[in-house]
Amino acid sequence: MRQSILTFDLGYYDLDRFMKLNEEGIYFVTRIKKNVSYVVEKEYAHSKIIRFRNGLTLRLVSMEIDGEHRDYLTNIFDLPDLHIHWIYSRRWNIEIFSE
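The model shown is predicted, which means the values in this text are computed figures rather than measured ones.

Strand order in the open sheet formed by six strands is β1-β2-β6-β5-β4-β3, and the pairing between neighbours is mixed. Bordering the open sheet on either side are β1 (5–8) and β3 (38–44), each of which pairs with just one other strand. If you compare each strand with its neighbour and ignore which way they point, the axes differ by 25 degrees on average. Pairing of strand β5 (residues 57–65) with strand β6 (residues 68–74), which is carried by seven bridges, proceeds in the antiparallel orientation. Following the sheet pairing, M63 is matched in β6 by R70. Lying on the sheet, helix α1 (residues 15–23) is in contact with β1, β2 (27–31), β4 (47–52), β5 and β6; it crosses β1 at an angle near 170 degrees.

Spelled out as structure tokens, the structure:
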């Protein structure tokens, strides 16, 4: 069975919503708001496993792409960092196509 992955921008940033999606087994990739508070539980390569105040544990992927710093928040723990960037970057193609 194919699994969908939601991608959305900061306008939909809501930790309670992320918790609900995670509990329902729905994968997502989004950006992280600046100055959000979290605790780093584990760090590797370009990723950190982080925990928020509501107990939600997610993956933060931080990369330099074309000279720009990118931070992505996701509940997908088993894909390479670059794949997370690729998934999020497809979001722009969909928005352009739908206009």
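Now that the structure has been shown, the text picks up again.
Formed by 13 residues in total, the largest nonpolar core has its most connected members in Y13, F18, I32, F52, L58 and L73. Mapped onto this core, the elements with two or more residues apiece are α1, β4 and β5. For this core, the element with the most residues is α1, which contributes three residues. Excluding residues within four positions of it along the chain, F18 makes contact with F8, Y12, Y13, F28, T30, L56, L58 and L73. Of all hydrophobic cores here, the second largest spans nine residues; its members include M63, Y72, I76 and I87.

Here the focus is the pattern of salt bridges. Applying the stated criterion across every chain yields a total of five salt bridges. Of the charged contacts in the structure, one is a salt bridge between E24 and K20, with a shortest N-O distance of 3.2 Å. For E24, a relative accessible area of 46% translates into the label partly exposed. Between E68 and R70 there is a salt bridge, with the nearest N and O atoms lying 3.5 Å from each other. Judged by relative accessible area, E68 falls into the partly exposed class, the value being 44%. When its relative accessible area of 30% is taken as the criterion, R70 is described as partly exposed.

Criteria and thresholds
Residues numbered from 1 in each chain as written. Predicted model: local features only at pLDDT ≥ 70, side-chain atom pairs only at ≥ 80, totals over all residues. Heavy atoms only, no water. Pairing = 2+ DSSP bridges. Helix = DSSP H or I, 4+ residues; strand = E, 2+ residues; numbered from the N terminus. Axes fitted to C-alpha atoms, helices over the stretch in contact; angles between N-to-C directions. Contact = heavy atoms within 4.5 Å. Core = buried A, V, L, I, M, F, W, Y, C linked by side-chain atoms within 4.5 Å. Buried < 20%, exposed > 50% of the residue type's maximum accessible area, 1.4 Å probe, protein only. Salt bridge = Lys/Arg side-chain N within 4 Å of Asp/Glu carboxyl O.

Limitation: the analysis is restricted to geometry and does not speak to function.
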